[in-house]
Amino acid sequence: MRKIAIAVSLSIFVALLIGAAFLIHPFGYPPSPMDDYIIENTQRETGANSAITAVVFDYRGYDTLGEATILFAAVTGVVMLFRRKKLSRIKP
Amino acid sequence: MMSKIVRTMASLLILFALIYGLYIITHGHLTPGGGFQGGAVFASGVALLIVAFGSEIIHKSLKEHRLSILESSGALIFIGLAFGGLAIVFFYNFLVGSPIFGHIPPSGPNPGDIWTAGVIPFMNIAVGLKVLAGFSAILLVMALATTLTEVEE
């Protein structure tokens, strides 16, 4: 019974994924003026050849700041969780 | 610790892995890549070392609290550079046109000049420092935790 439920839900999920793959917009279809602005003015405004890096570190620096905060929190949590016990070395 | 063949090949390949990671970090404003990706490549080199030599031997020269200091300093450099442009707006690229990393490339495809892009190379280096130290600390601490349970039982 449980396997049948898993199979039905998985097949519905895969069918939705395939449908979404056929219904997706073509590449760059809803044309936005922001894309053209970034492609035309990246090298003049930021001096960077790689437009992706210019977007990540200059136009949308707040995103990178949040990403760095998330990474910092993750590293802090993992190091705190897997810390070595200092007290166990005192006991023989 | 794995066999001698694996250790020899790892000690040869680690140079290329680390140099490739540093190349991706420092050329982030010219080629695809950047701080995060280069730091991940660098940390994969550290993972190769941990797999080949064992985490106890690596831990003798690579302490996780020093990696934490490196990561925090990377974050501080990043936020400090973001505050540096506060005279106009937060995250303003205030070094474009200045003598430091201030060249402006011609529009369109060009061979690329490393002395461009203002604060973006510094931000790449800061984020790369942060990511390589953070990922290396996570890998090292997790690998040490697996060996520690065997010892303490």
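Scope of this entry: the structure provided in the associated data block. Residue positions are given per chain, counting from 1 as you read along its sequence in written order. Each chain gets a letter, beginning with A, and each ligand a number, beginning with 1, in the order they are written. Whole-chain, interface and lining totals are the exception, using all residues; otherwise, since this is a predicted model, local features are given only for residues with pLDDT of at least 70 and side-chain atom pairs are given and counted only at 80 or more.

### Points about the overall build of chain A
Move 1: Working definition: helices are DSSP H or I runs of at least four residues, strands are E runs of at least two. Numbering for both runs from the N terminus. Counting secondary structure elements, chain A contains 4 helices and 0 strands.
Move 2: Each helix and strand of chain A, ordered N terminal to C terminal, gives the series α-α-α-α.
Move 3: In summary, chain A has a C-alpha radius of gyration of 24 Å against a globular reference of 12 Å for 92 residues, an excess of more than 25%.
Move 4: With the C-alpha coordinates of chain A rotated into their principal frame, the extents come out at 70 × 55 × 15 Å.
Move 5: Every C-beta atom is placed from the backbone, and the number of other C-beta atoms within 10 Å of a residue's own sets its class: buried at 20 or more, exposed at 12 or fewer, partly exposed in between. Here chain A holds 92 residues, and 20% of them are scored as buried. For the radius of gyration, the atom set is restricted to C-alpha positions; the globular benchmark scales as 2.2 Å times the number of residues to the power 0.38.

### A short note on the overall build of chain B
Move 1: Scanning chain B from N- to C-terminus turns up 5 helices and 0 strands.
Move 2: Put simply, chain B runs from its N terminus to its C terminus through helices and strands in the order α-α-α-α-α.
Move 3: Taking 15 Å as the expected radius of gyration for a compact globule of 153 residues, we find that chain B reaches 19 Å, considerably beyond that expectation.
Move 4: Along the longest, intermediate and shortest principal axes, the C-alpha atoms of chain B span 60 × 30 × 20 Å.
Move 5: Buried positions account for 41% of the 153 residues belonging to chain B.
Move 6: Contacts in chain B between residues far apart in sequence, at least 24 positions, make up 69% of those at least 6 positions apart. In this description, any two residues whose backbone-derived C-beta atoms lie within 7 Å of each other are considered to be in contact.

### A closer look at the nonpolar core
Within soluble globular proteins, side chains that are nonpolar generally end up buried alongside one another.
Move 1: The biggest cluster of nonpolar side chains holds 45 residues, and the ones touching the most others in it are Phe78(B), Met123(B), Ala137(B) and Leu139(B).
Move 2: Of all the secondary structure elements, the ones that give two or more residues to this core are helix 3 (51-59) and helix 4 (61-81) of chain A together with helix 1 (4-26), helix 2 (35-53), helix 4 (64-84) and helix 5 (120-152) of chain B.
Move 3: Here this core takes 16 residues from helix 5 of chain B, the largest share from any one element.
Move 4: Leaving out residues up to four positions away in the same chain, Phe78(B) has contacts with Ala68(A), Met123(B), Ala126(B), Val127(B) and Lys130(B). We define the nonpolar core as any set of buried residues of the types Ala, Val, Leu, Ile, Met, Phe, Trp, Tyr and Cys, connected via C-beta atoms lying within 7 Å of each other.

### Regarding helix 1 (residues 2-23) of chain A
Move 1: With 22 residues, helix 1 of chain A extends 31 Å from end C-alpha to end C-alpha; this agrees with the ideal 32 Å at 1.5 Å per step.
Move 2: Counted residue by residue, helix 1 of chain A has 0 buried out of 22 residues, so it is predominantly exposed. Expected helix span is taken as 1.5 Å per residue step, with the number of steps being one fewer than the number of residues.

### Points about the interface of chain A and chain B
Move 1: Contacts between the two partners involve 25 residues from chain A and, on the opposite side, 39 residues from chain B.
Move 2: Residue assignment for the side of chain A that touches chain B shows that the elements contributing at least two residues are helix 2 (33-45), helix 3 and helix 4 of chain A.
Move 3: Here the element with the most residues in the side of chain A that touches chain B is helix 4 of chain A; it accounts for 9 residues.
Move 4: In this classification, the charged set is Asp, Glu, Lys and Arg, the nonpolar set is Ala, Val, Leu, Ile, Met, Phe, Trp, Tyr, Cys and Pro, and all remaining amino acids, among them Gly, are polar. Of the residues contributing to the side of chain A that touches chain B, the split by class is 13 nonpolar, 9 polar and 3 charged.

### Things to note about the packing of helix 4 of chain A against helix 4 of chain B
Move 1: To get an axis, a line is fitted to the C-alpha atoms, and for a helix only the part in contact is used. The angle between two axes follows their N-to-C directions and goes from 0 to 180 degrees. Where helix 4 of chain A meets helix 4 of chain B, the axes come as close as 11 Å, and the angle between the chain directions of the two elements is 160°. Between helix 4 of chain A and helix 4 of chain B, the interaxial angle falls into the category roughly antiparallel. Both helix 4 of chain A and helix 4 of chain B take part in a crossing whose hand is left-handed. Facing helix 4 of chain A, whose interface residues are Gly61(A), Leu65(A), Ala68(A), Phe72(A), Val75(A) and Val79(A), helix 4 of chain B presents Glu64(B), Ser68(B), Glu71(B), Ala75(B), Phe78(B) and Ala82(B). Put simply, angles under 35 degrees are roughly parallel, angles over 145 are roughly antiparallel, angles from 65 to 115 are roughly perpendicular, and the rest are oblique. If you view the pair so one helix is near and one far, a crossing is left-handed when the near helix is turned anticlockwise from the far one by less than a right angle, and right-handed when it is turned clockwise.

### A short note on helix 2 of chain B
Residues and elements named next belong to chain B.
Move 1: A rise of 1.5 Å per residue sets the reference length of helix 2, with its 19 residues, at 27 Å; its end C-alpha atoms lie 27 Å apart and thus fit the reference within 8%.
Move 2: Buried residues of helix 2: Gly-35, Phe-36, Gly-38, Gly-39, Val-41, Phe-42, Ala-43, Gly-45, Val-46, Leu-49, Ile-50 and Ala-52, and no others.
Move 3: Looking one or two residues beyond helix 2, the residue adopting positive phi is Gly-54, at roughly 90°.

### Notes on the packing of helix 2 of chain A against helix 3 of chain A
Residue and element names in this part refer to chain A.
Move 1: At their nearest, the axes of helix 2 and helix 3 sit 10 Å apart, and the two run at 85° to each other. It follows that helix 2 is roughly perpendicular to helix 3 by the angle criterion. Here Ile-38, Ile-39 and Thr-42 of helix 2 come into contact with helix 3, specifically with Ala-51, Ala-54, Val-55 and Tyr-59.
Move 2: Classifying every residue of the contact of helix 2 with helix 3 by side-chain character gives 6 nonpolar, 1 polar and no charged.

Note that all results are geometric; they support no functional claim without further evidence.
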